[in-house]
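Listed below, chain by chain, are the residues.
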Amino acid sequence: MSTRRRTENSAHLRFSVLLIVIINTLEVKISLIEPEKLYKTYLKEDSDLCKDCFRSQLKECEKFYENIMGQDLSLQSIMDVLPKMPSKRNIRWLTMQNTERVVCKYLGYRNQKKHLHHATVQKLRDELLHSRGPNAWQYCPIDDIESFLLQLKMYLNLKLETLWLYALTNIDLLLKPLLYDLNFPVPRTWHICGFTLIEDNAGQSLHYLYGENFFQKLEIAKQLLEACLQFSNGFSNYRLYITDLTADNIVYDVAKSKLYLIDLDTIFVVDSSKAEHFNSVHRYEYEICEGRIAITVSIVLKIQSI
């Protein structure tokens, strides 16, 4: 490769990096200075997707967004937020006017919106049952998933369209409020506004706690084991298995000495009432590509009364 060509490629790379930084910085500026405007825009876009799904949320959510405080824009604030902007989730750490700190997670994926526009309950149901990816939450037995979702519907008082849309998009929107009320170690849900989940800023991820003393780490490990046991016991007849138990999905509040699990979107839910024996195996087979790749998940259940 000639020197001129290498120079051109290097210049192109520098320009691309600079452009990415500028675009992200502009998005950070909007989210820091005018978070209320940003999330009201998200809510309007979600409502345009399904007007009946989120109609009951509009008034309360708009009032809630008015209490979000903007932040001073500085180089440090931009550098703090930029690493927290993952591609699939739009997450902001914000402060309310009453000084409460919250996390706003926009969980709707832009590339889903086109084919979900004006979707009926039947279409959403078919999409959920027949187009499940390996990184989505799973339910066993899959043929009975509707009974599980209808129980969530009764608890959350949702329309059917909203129920199936949330189940298809991110199960956190359905499970988090219920599990918090059942005293599971998940952050408190403040509001759900369209595809935006607003919850407590419950602490720091485990990445920030690697330098803690041995006894602090021992307490974290103890609570993590207790959390896994509680999820395995589940609620009603449902057993919950977390498949993405990584350091960035676990937070710990040092002041409260309390651990929380913050990401349940790949959870595996099993209806233990379908087990035939005290110790039995539930088998769920999922084929990504017929004739090429097949994933089989087997879970041994020890049925326990809660």
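Everything discussed here concerns the structure shown above.
This one's a predicted model, so the numbers in the text were calculated from it and none came from an experiment.

Definitions and cut-offs
- Residues numbered from 1 in each chain as written.
- Predicted model: local features only at pLDDT ≥ 70, side-chain atom pairs only at ≥ 80, totals over all residues.
- Heavy atoms only, no water.
- Phe/Tyr/Trp six-rings, centres within 6.5 Å; stacked < 30°, edge-to-face > 60°.
- Helix = DSSP H or I, 4+ residues; strand = E, 2+ residues; numbered from the N terminus.
- Buried < 20%, exposed > 50% of the residue type's maximum accessible area, 1.4 Å probe, protein only.
- Lys NZ or Arg CZ within 6 Å of the ring centre and 35° of its normal.
- Pairing = 2+ DSSP bridges.

**Student:** Mind showing me how you'd approach the packing of aromatic side chains here?
**Tutor:** How two aromatic rings sit relative to each other is given by the distance of their centres and the angle of their planes. Applying the stated criterion across every chain yields a total of 16 aromatic pairs. Ring geometry for Trp137 against Phe148: centres 6.2 Å apart, planes inclined by 50°, an arrangement best described as tilted. Residue Trp137 is located in the loop between α7 (121-130) and β4 (138-140), and its partner Phe148 is located in helix α8 (residues 145-156); the two are separated by 11 residues in the primary sequence. Residue classification places Trp137 among the buried residues on the basis of a relative accessible area of 2%. An aromatic cluster of at least three residues, connected via ring pairs, comprises Tyr39, Tyr42, Phe54, Phe64, Tyr65, Tyr106, Tyr166, Trp190 and Phe195. If you follow Lys258 out to its NZ or CZ, it ends over the ring of Tyr260, 5.9 Å from the centre.

**Student:** What's the story with the pairing of strand β9 (residues 250-253) in this structure? I'm lost.
**Tutor:** Each regular strand shows side chains that alternate between the opposite faces of the sheet. Because side chains alternate across β9, one face comprises the buried residues Ile250 and Tyr252, and the other comprises Val251 and Asp253, equally buried. Direction of pairing for strand β7 (residues 204-205) relative to β9: antiparallel, over a ladder of 2 bridges. Among the inter-strand pairings, Ser205 is bridged to a residue of β9, identified as Val251. The sheet contact formed by β9 and strand β10 (residues 258-261) spans 4 bridges and is antiparallel. Residue Val251 lies in a different strand from β10, and its bridge partner there is Tyr260. Between β9 and β10, which pair antiparallel one after the other, the connecting turn spans 4 residues, and Ser257 there sits at a positive phi close to 55°.

**Student:** Explanation requested: unusual backbone geometry in the structure shown.
**Tutor:** Peptide bonds are mostly trans, and most non-glycine residues show a negative phi. In the segment running from Cys140 into Pro141, the intervening peptide bond is cis, with an omega of 0°. Tracing the backbone shows Pro141 in the loop between β4 and α8. Not every positive phi belongs to a glycine, and Asn157 is a case in point at roughly 55°. Here Asn157 lies in the loop between α8 and α9 (160-169). Here Asn157 falls in the exposed class, since its relative accessible area comes to 69%. Although it is not a glycine, Ser257 adopts a positive phi angle of roughly 55°. Looking at where Ser257 falls in the secondary structure, it is placed in the loop between β9 and β10. Looking at Ser257, the relative accessible area reads 37%, which means it is partly exposed.

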